[in-house]
Each structure stands twice: as structure tokens, then as C-alpha cells.
Amino acid sequence: MNSQGPDLFPGYIGRFAPSPTGPMHFGSLVTALGSWLDARANQGTWLLRIEDIDPPREHAGAADSIKGTLDALGLHWDGEVIFQGQRLAYFDRALEVLAEKQLLYRCVCSRKSIRETVDEPGQTAGIYPGTCLNRVPENGQAHSLRIKTSGVHIEYADRIYGNFTENLATRCGDFIVKRRNGLHAYQLAVVVDDFRQAITHVVRGADLLDNTGRQTYLQSVLGYPRPAYMHLPVVLNSAGQKLSKQTGAHPLADDTLSDSLFSALTFLHQNPPAELSKALNSEILEWAMANWRPSFIRHAALAKNAG
Ligand code: GLU
């Protein structure tokens with residue numbers, strides 16, 4: 001038993017890591033709320049990291065809008081906000097470490113040429129076939145950097161969805177850590193910053209569950225400790241698509257934030273009492289923190305898988 005009680009994770013450090021692609025909507029609220037509650041219920045720290053490493057997808061003002069909405073909800077973060085766009089040197093340093101270990105190679109394939117190769121018999125769609133593994137690109141040719149995955153078997157556990165074993169070579173193949181356009185890949189940046197911010201617990205949407213194997217692999221080759229993972233069910237729209245700006249999600253409205261909080265708790269199977277639906281944000285969060293039960297999410301996910 002730790003000094004804080006039997007059920008707490010001591011030294012908990014969590015984070016919310018949105019990409020600044022638009023204002024917060026119900027789907028991002030569920031993720032933010034779940035990770036905030038998990039951190040606060042464990043008397044932990046909750047950090048905010050803006051993942052602005054993909055400028056073409058970003059929207060001016062989105063980071064400020066996300067911060068403003070979190071504040072108005074009462075989801076207050078600890079310490080300074082980190083912007084990944086200001087941390088590129090850390091990602092380059094990690095690439096150097098991977099290169100020193102001879103794990104990287106240059107790849108000149110375009111998406112189109114990969115699609116054409118994987119359409120050939122015997123190739124599985126979506127898995128890089130290793131075309132550039134033994135090919136030396138000409139000098140000056142635009143290239144991405146891929147990490148080798150041959151023979152890599154990964155095991156990881158998720159607090160909601162259970163245990164996974166993956167053969168990375170057949171699951172995703174050699175994957176990109178630096179893109180052809182010079183931008184660092186999400187997989188690399190997220191792993192480096194989770195390490196540099198000493199994150200102990202990652203709580204995020206289940207759309208990222210199948211990235212965990214790749215991230216776990218990067219952590220092991222870079223010598224980083226592995227955080228605990230909890231993936232939350234993803235909010236879908238009426239067409240069954242993940243709610244996002246691209247699929248028409250409405251931004252959260254300032255005058256109905258407490259309704260949104262109540263609905264997000266219901267979505268997370270926390271069974272908030274009906275009278276809370278008329279309460280202030282602070283009262284809703286107070287109740288939710290005291291009654292946070294990730295096991296309810298797990299049971300619902302298990303029941304769904306069984307059904
Ligand atoms: N930036 C990612 C997103 O907004 C989340 C990354 C993560 O939580 O690992 O989808």
C-alpha cells in the first residue's frame with residue numbers, strides 16, 4: 001500500500017495533448033475530461049501539451065481556443081503549456097540516437113508508389129513493403145526516415161482494452177519517424193515528449209490504441225520507461241465516424257459547457273446522478289473526481305466486445 005491509499009498511483013503525471021486543428025468539440029472534451037479526472041483522482045499532475053508539429057493541418061487561434069475552453073470548463077492544467085513546435089531539437093536528438101543504433105533508413109517512396117506496390121499479390125495493404133530498405137537514395141532526393149521493425153514483437157497492456165501482442169513487421173511494417181516534407185512524425189514526437197515530461201499515465205482516445213505498439217517500440221529502443229496506457233472509447237457521429245472537425249463536429253458552446261460535462265461523464269459510464277445536470281461546472285467536476293471509476297468504462301467495453 002502506498003502512503004496515499006490503496007488505490008492511488010503514486011507520482012502520477014498525466015497529460016492532454018491536443019493537435020491545434022480546431023476548437024474543442026464533444027470528442028476532445030471526453031478525452032480531456034477522462035485524462036483530467038484520472039490525474040486528479042490520483043492526486044496527480046495534469047499537463048497540457050499542444051502538438052503543433054504539422055502546420056498544414058493546424059488552424060490559427062486553435063491553441064488559444066482550446067486553452068480558453070479548458071479554463072472555462074474548470075479543467076485547469078499544471079505548470080506551463082508545452083508547444084511541440086518549439087521542441088524540434090529534442091526530436092532530432094532522438095533521431096540521432098536511432099541512427100547511431102542503425103535502426104533508420106532513408107525512404108524515397110511516395111504514398112502513391114507504396115499504394116501501387118501493396119496492390120501487388122502477396123502484399124498486405126497498409127504495410128510498408130520495405131522497398132527502400134536496401135536502396136541508397138541519390139543525394140538530394142527528398143526522403144523520409146523509417147525505422148526497421150523486422151523481428152520486433154511488442155507486448156503492452158491497456159487499462160480498458162486489456163493485453164496486446166504485436167508483430168510490428170506484419171502489423172505496420174517499417175514506419176516513418178521523419179516525414180518526406182521534413183516534419184517529425186507524431187509517433188516520434190509523442191514518445192520523446194512523454195519521456196521529457198516524465199509522463200507516467202497516458203489517457204487518450206481509442207483511435208490511438210493501435211499506435212501504442214509503435215510507441216512502445218520507440219520507447220524501448222530509446223531507453224525510455226513506458227507509461228501506463230488507458231484508451232477511452234471514441235465518440236462517433238450518426239454515420240459511425242469518429243467525431244472530429246473533418247466529420248462535422250460542432251465546437252463546444254460556451255453557454256452549455258456544464259451540459260457538455262454532464263454528457264461526457266455519462267458517455268464515460270460514470271453514472272452521474274440526474275440532479276448534477278443542473279449543477280455548476282465546479283460541482284460536476286468535484287463529484288466526478290470523487291467518484292471516478294475507470295472500471296465502469298472497462299466493463300462497458302468488455303460487454304460491447306462480447307455482444
Ligand atoms: N495530438 C494527438 C491528437 O490530438 C493526441 C496524441 C496523444 O494523446 O498521444 O489526436
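Residues numbered from 1 in each chain as written. Predicted model: local features only at pLDDT ≥ 70, side-chain atom pairs only at ≥ 80, totals over all residues. Heavy atoms only, no water.

1. A short note on the overall build of the chain
Line of reasoning, step 1. Scanning the chain from N- to C-terminus turns up ten helices and ten strands.
Line of reasoning, step 2. Relative to its length of 307 residues, the chain is compact, with a C-alpha radius of gyration of 21 Å against a globular reference of 19 Å.
Line of reasoning, step 3. By the burial criterion, 49% of the 307 residues in the chain qualify as buried.
Line of reasoning, step 4. Relative to all contacts within the chain whose residues are 6 or more apart in sequence, the contacts with residues 24 or more apart total 76%.
Line of reasoning, step 5. Positive and negative side-chain charges of the chain, numbering 30 and 31 respectively, have mean locations separated by a distance of 6 Å. (Helix = DSSP H or I, 4+ residues; strand = E, 2+ residues; numbered from the N terminus. Rg over C-alpha atoms; globule rule 2.2 N^0.38 Å. Buried < 20%, exposed > 50% of the residue type's maximum accessible area, 1.4 Å probe, protein only. Contact = heavy atoms within 4.5 Å. Lys, Arg positive; Asp, Glu negative; His and termini not counted. Charge placed at Lys NZ, Arg CZ, Asp CG, Glu CD.)

2. Quick word on the nonpolar core
Line of reasoning, step 1. Counting residues in hydrophobic clusters, the biggest one holds 43 residues, and the most contacted among them are F16, M24, L29, L33, W46, L70 and L75.
Line of reasoning, step 2. Those elements that provide at least two residues to this core are α1 (26-41), β2 (45-50), α2 (62-73), β10 (228-232), α8 (257-267), α9 (281-290) and α10 (294-306).
Line of reasoning, step 3. Top contributing element to this core by residue count: α1, with eight residues.
Line of reasoning, step 4. Here F16 is in contact with M24, S28, T31, A32, S35, W46, L47, L48, R49, I66 and L70, once residues within four sequence places are set aside.
Line of reasoning, step 5. Within the second largest apolar cluster, 27 residues are counted, among which are I53, F175, A189 and V190. (Core = buried A, V, L, I, M, F, W, Y, C linked by side-chain atoms within 4.5 Å.)

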